[in-house]
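Examination of the molecular architecture
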Amino acid sequence: MAKTTAAKTNPGRFFEDYKVGDVIAHAVPRTVSGGERALYHALYPARHALYSSDEFARGCGLPAAPLDDLAAFHIVFGKTVPDISLNAVANLGYAEGRWLLPVYEGDTLRSESEVIGVKQNSNGKSGVVYVRTRGLNQNDDVVMEYVRWVMVRKKDLDAPAPETVIPELSKVIPASDLKIPGGLDFSDYDFTLAGEAHRWGDYEVGETIDHVDGVTVEEAEHMLATRLWQNTAKVHFDATARPDGTRLIYGGHVISMARALSFNGLANAQMIVGLNGGAHANPCLSGTTIRAWSEVLDKADTEAPGVGAIRLRLVATSGGAPFALKGEDGKYLPEVLLDLDYWALMPK
Amino acid sequence: MAKTTAAKTNPGRFFEDYKVGDVIAHAVPRTVSGGERALYHALYPARHALYSSDEFARGCGLPAAPLDDLAAFHIVFGKTVPDISLNAVANLGYAEGRWLLPVYEGDTLRSESEVIGVKQNSNGKSGVVYVRTRGLNQNDDVVMEYVRWVMVRKKDLDAPAPETVIPELSKVIPASDLKIPGGLDFSDYDFTLAGEAHRWGDYEVGETIDHVDGVTVEEAEHMLATRLWQNTAKVHFDATARPDGTRLIYGGHVISMARALSFNGLANAQMIVGLNGGAHANPCLSGTTIRAWSEVLDKADTEAPGVGAIRLRLVATSGGAPFALKGEDGKYLPEVLLDLDYWALMPK
Amino acid sequence: MAKTTAAKTNPGRFFEDYKVGDVIAHAVPRTVSGGERALYHALYPARHALYSSDEFARGCGLPAAPLDDLAAFHIVFGKTVPDISLNAVANLGYAEGRWLLPVYEGDTLRSESEVIGVKQNSNGKSGVVYVRTRGLNQNDDVVMEYVRWVMVRKKDLDAPAPETVIPELSKVIPASDLKIPGGLDFSDYDFTLAGEAHRWGDYEVGETIDHVDGVTVEEAEHMLATRLWQNTAKVHFDATARPDGTRLIYGGHVISMARALSFNGLANAQMIVGLNGGAHANPCLSGTTIRAWSEVLDKADTEAPGVGAIRLRLVATSGGAPFALKGEDGKYLPEVLLDLDYWALMPK
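Computed from a predicted model, the values in this text were never measured in an experiment.

As a further point, take the side chain of Thr9 of chain A. You can see Thr9 of chain A is positioned in the loop between helix 1 (2-8) and strand 1 (23-25). The class for Thr9 of chain A is buried, based on a relative accessible area of 10%. Apart from residues lying up to four places away in sequence, Thr9 of chain A is in contact with Ile209, Asp210, His211, Val212, Asn264 and Gly265 of chain C.

Applying a rotation about an axis and a shift along it to one chain copy brings it onto the other copy. Here chain B sits on chain A after a turn of 120° about the axis and a move of 0.0 Å along it, with an RMSD of 0.0 Å. Taken together, the rotation and translation relating the two chain copies correspond to the operation of a three-fold axis. Of the C-alpha atoms belonging to chain B, the one lying closest to the rotation axis is found on Gly35 of chain B, 2.2 Å away. An overlap of only 11% is found between the interface residues of chain B and their copies at the interface of chain A, pointing to separate contact surfaces.

All right, on to the relation of the copies chain C and chain A then. For the pair chain C and chain A, the best superposition has an RMSD of 0.0 Å and corresponds to a rotation of 120° with a translation of 0.0 Å parallel to the axis. The residues that chain C uses at the interface reappear at the interface of chain A in only 9% of cases, marking distinct surfaces.

Let us look at helix 8 (residues 251-261) of chain A. For helix 8 of chain A, the buried fraction is high: 11 of the 11 residues fall into the buried class. Gly251, Gly252, His253, Val254, Ile255, Ser256, Met257, Ala258, Arg259, Ala260 and Leu261 of chain A are the residues of helix 8 of chain A that are buried.

Let us now look at the interface of chain C and chain A. Much of the literature gives interface size as the accessible area that the parts lose upon coming together. Each partner contributes to the interface: chain C provides 47 residues, whereas chain A provides 36 residues. Buried surface at the junction of chain C and chain A, both sides included, amounts to about 3,200 Å², of which 59% is carbon and sulfur. The largest per-residue losses of area from chain C upon contact with chain A belong to Ala42, Arg47 and Leu193 of chain C, which jointly make up 19% of the total buried on that side. One can count four salt bridges joining chain C with chain A. Note that Lys8 of chain A and Glu207 of chain C form a salt bridge whose closest N and O atoms lie 2.7 Å from each other. For the interface between chain C and chain A, the tally reads 21 residue pairs in polar contact (both at pLDDT 80 or more). Sorting the residues of the side of chain C that touches chain A by element identifies helix 2 (34-43), helix 3 (49-52), helix 4 (54-59), helix 6 (191-194), strand 7 (208-216), helix 7 (219-228), helix 9 (263-266) and strand 9 (289-301) of chain C as the ones contributing at least two each.

Attention shifts here to the pattern of salt bridges. Counting across every chain of the model gives 54 salt bridges over all chains. Put simply, Glu219 of chain A and Arg247 of chain A hold a salt bridge, and the shortest N to O gap is 3.6 Å. Taken together, the residues Glu219 of chain A in helix 7 (residues 219-228) and Arg247 of chain A in the loop between helix 7 and helix 8 connect sequence positions 28 residues apart. Per residue, the accessibility class of Glu219 of chain A equals that of Arg247 of chain A, and both read buried. Where Asp54 of chain C meets Arg37 of chain C, a salt bridge forms, and the shortest distance between an N and an O atom there is 3.0 Å. Pair noted here: Asp54 of chain C is in helix 4 and Arg37 of chain C is in helix 2, with a separation of 17 residues, a long-range link. Summarising the burial analysis for this pair, Asp54 of chain C and Arg37 of chain C share the class buried. A single salt-bridge network, built from bridges that share partners, covers Arg110, Glu112 and Asp140 of chain A.

We now examine the interface of chain B and chain A. The interface of chain B with chain A comprises 36 residues on the first partner and 47 residues on the second. For chain B, the biggest contributors to the area lost against chain A are Lys8, Pro29 and Arg227 of chain B; these three give 22% of the whole. Counting across the interface, chain B meets chain A through four salt bridges. For Asp238 of chain B, the salt bridge identified is with Arg291 of chain A, shortest N-O distance 2.9 Å. Summed over the shared surface of chain B and chain A, the result is 21 residue pairs in polar contact (both at pLDDT 80 or more). When residues of the side of chain B that touches chain A are traced back to their parent elements, those giving at least two are helix 1 (2-8), strand 2 (30-31), helix 2 (34-43), strand 4 (108-120) and helix 7 (219-228) of chain B. The element best represented in the side of chain B that touches chain A is helix 7 of chain B, accounting for six residues. For the side of chain B that touches chain A, the per-class residue count stands at 14 nonpolar, 13 polar and nine charged.

Moving on, we come to the packing of aromatic side chains. Residues and elements named next belong to chain C. Scanning the entire structure with this criterion turns up 39 aromatic pairs over all chains. Taking the centre distance of 5.4 Å and the plane angle of 85° together, the rings of Phe56 and Tyr189 count as edge-to-face. Residue Phe56 is located in helix 4, and its partner Tyr189 is located in the loop between strand 6 (142-153) and helix 6; the two are separated by 133 residues in the primary sequence. We note that Phe56, like Tyr189, is buried.

Residue and element names in this part refer to chain B. By secondary structure assignment, the location of Ile310 is in strand 10 (residues 307-317). Here the alpha-carbon distance between Ile310 and Pro167, two residues 143 residues apart in the chain, equals 26 Å. Setting aside residues up to four positions removed in sequence, Ile310 forms contacts with Trp200, Tyr203, Val296, Asp298, Lys299, Tyr342, Trp343, Ala344 and Met346.

Here the focus is the nonpolar core. By size, the foremost hydrophobic cluster in this structure holds 186 residues, and its most contacted members are Trp229 and Ile290 of chain A, Trp229 and Ile290 of chain B together with Trp229 and Ile290 of chain C. Aside from chain neighbours lying at most four places away, what touches Ile290 of chain A is Asp213, Gly214, Val215, Val217, Val254, Met257, Leu261, Cys284, Ala316, Thr317 and Leu337 of chain A. One finds Ala57, Leu62, Leu184 and Tyr189 of chain A within the second-largest nonpolar core, a separate group that totals 27 residues.

Conventions and cut-offs
Residues numbered from 1 in each chain as written. Chains lettered and ligands numbered in written order. Predicted model: local features only at pLDDT ≥ 70, side-chain atom pairs only at ≥ 80, totals over all residues. Heavy atoms only, no water. Helix = DSSP H or I, 4+ residues; strand = E, 2+ residues; numbered from the N terminus. Buried < 20%, exposed > 50% of the residue type's maximum accessible area, 1.4 Å probe, protein only. Contact = heavy atoms within 4.5 Å. Least-squares fit on C-alpha atoms with pLDDT ≥ 70 in both. Buried area = accessible area lost by both parts, 1.4 Å probe. Salt bridge = Lys/Arg side-chain N within 4 Å of Asp/Glu carboxyl O. Polar contact = N/O pair within 3.5 Å; in protein donor to acceptor, adjacent residues only side chain to side chain. Nonpolar A, V, L, I, M, F, W, Y, C, P; charged D, E, K, R; others polar. Phe/Tyr/Trp six-rings, centres within 6.5 Å; stacked < 30°, edge-to-face > 60°. Core = buried A, V, L, I, M, F, W, Y, C linked by side-chain atoms within 4.5 Å.

Pasting the structure below:
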């Protein structure tokens, strides 16, 4: 029985299974509908008007309200888990994330990942794998892409160490490389309906914003969300998978919660178009009250009418004082859950 | 940092910020889809056939099943929270609520509120604000309206007391003022599919109905619901916002739960068209098992074929004996959570 | 008041109320949308591609992705609860379940049950009722049917015992009686997108598969699911309904959870077309970590291009060793929650 079992279920890939240049087509395409949008609003205090109202989106030159950019990210990401991170020890980082096409109701998404780097650890028991993941729609258009690197266990400790390949990754996506959705026009942007009067010009580089509100998370909520994205990593669902009986909350759940909380102070940071980097600084468990603060890292103009780009640091915490990030030792403070660096589009 | 923070996040309005005659346009318009309908059925034991089945609704002269009347109310209400009740000490009452147009999938809702009354409390620290809120669709048609009054804190205790204005509000909406949805026709009403045989004529004024069933509520459920309506009041989400670490359940969650429970005995009270008044008698917390009972307060005929109007008291409790409402002292009994007075439409 | 109350609410039927030949039309028709599909993915780790992607379904000859077969079953089943199992002591079994038409977004489902057998228990206090339930769509086409028998209490212990009628039920639906959805064609089946390479020919009768993963269930989740199917059985919702204050999880929730978990090893067992039998071996309560294993019971060819039928035993457990089902005494082991016998369709 053990044999037939092993033969049928997916053991996941181990470090020695990844070869630079391999392209892995991930399973389970997904068609999105108004259901995903409604659930996103139930799971997170999401209020950005462009994603809440078809009318508002049309007023900005889009055909309808797209699926929240982070929901698209979660769907694309979720499909990669069985092939990339099932045996991952740690999710080490993100880079060069770009949203290239809005996702609309009726679109069907699938994902593929190209292995762009491998480096065995000195202990010989694991290694770091770098992949560039692309999300594609039913027309094979790439709707988003990002680089992610994870530490993966070796199964066969005798497997030879592969030639080390570490991809050159830009620390920050140049504003000129950001893809502005076709037709996007903030010339007639309705600040009243959007919820805040602050324009792109009202934000200064270095400015910090405490988003004030907090949301206490429950087991049922993060599991509903993580399943919705068809993310199968067992640590999120199986209370027996960790010695202390807790379920580790999917890092993307923290990202979406923090982004939604950032509405209060950044209501006009409407579309996420770039992910420069991100670190899940500390694990998040059920019962945590998630808070968020932001820092304006940079600003740039775009060619789209009325549209400016703003680079933001989004930090999620489990408490503590806002704007505190790292300690004297340069390590993240224990209450810091997430440190995300992204580009958003804002009316000028 | 405190300065820039204060400059960007919404502190909410305080008593002295409200002027009679002001019209406040609330933010974050919302397009509804089948997702909101499915979630409403998952969050509440909602079974009224007119809202569950497009076919049944067509049999009643409507183009499709509308969004549940209370879901429309919650969406309209939720948008008002950041402007009306963020600094509210208490939600004191409702009056003159009328549903004027059914909401269908694809409709986009927004809200606006007119300040119709203000009265500073004798303590000089807070006051009562009366607003008439309207929910509008993408065609600027008013889909519903209601009056609500809340007690709001003053920020500047030295701000002069405004001239007291207390609006004249009808205790009960005259049946002749109720808006019957165009085309509504109960002549061929299917009592079997609706779930009960009791017609409008079978209910007597003074009659009481114990709805028998009970539902125990969980933190995850009321937060999902409250977020779905984009209600941002922190007491519903932040376990650290109250000294005892509990989250206060949104009063509207109790309204929808009780209304859904009332199906058992009032399955044919299909559409809510009027809200005469309502009191959240006692707070509801997670773990409470909500029960409900109703009393027939009045009945009236309508001009729509086969359609009668019935005025109902809907009481939600956390237990105790049905039909008990107030004590000797005239105060609500501690187990009473909600006392709602509404008009519904029923087949004759 | 007691009188009027009794007169309006539904007391449910008792054993003596069922007569062989009676056809009961169940209430509350339901129109399904993308909302139900999204919620199904949030509630269960459902990943079968045919139900997740419209594009994948079209590649298999269907017009779009149908509603998950088990979601259709839950909707049809839920409507029967107020008429069949409100006073049931136990849900004894299922047989002759067949899915006859896929359910698509926009379809409206209703249910009816025919009483096909009754047998009073020797204690004179209860009896077994057999019903054949049919789910119908807006065109009055039967989308599915199944036989279920339950033990129901008598209200009037003096009511005479009815003539015993026990229907002849096939232990297993012959493969030739399975209804293959019109147009279904697995000739161009995409195994990569489906998630596994194993074809119908790769499975041997007697083979067992441990689905490895586990999901810990929460009160909020099973109540959301059970409400979504408009199943009103109070034991699932009312913490005061059972002496120990627990809520009994709807057996169908365990079926869907186990089926979804079985993706890992049976990703290509795409469509469920037959339910041969099923037993809810032990009750499931919140906090349980549900695991699943399967056994291949039989295989059969079909006339549809590239489509084979596979008969599977699906067992859900709360732990213990996989493949253990019954003890020396022939009784189910205490950790066994579900023992289901079904036919699915798989690419050859």
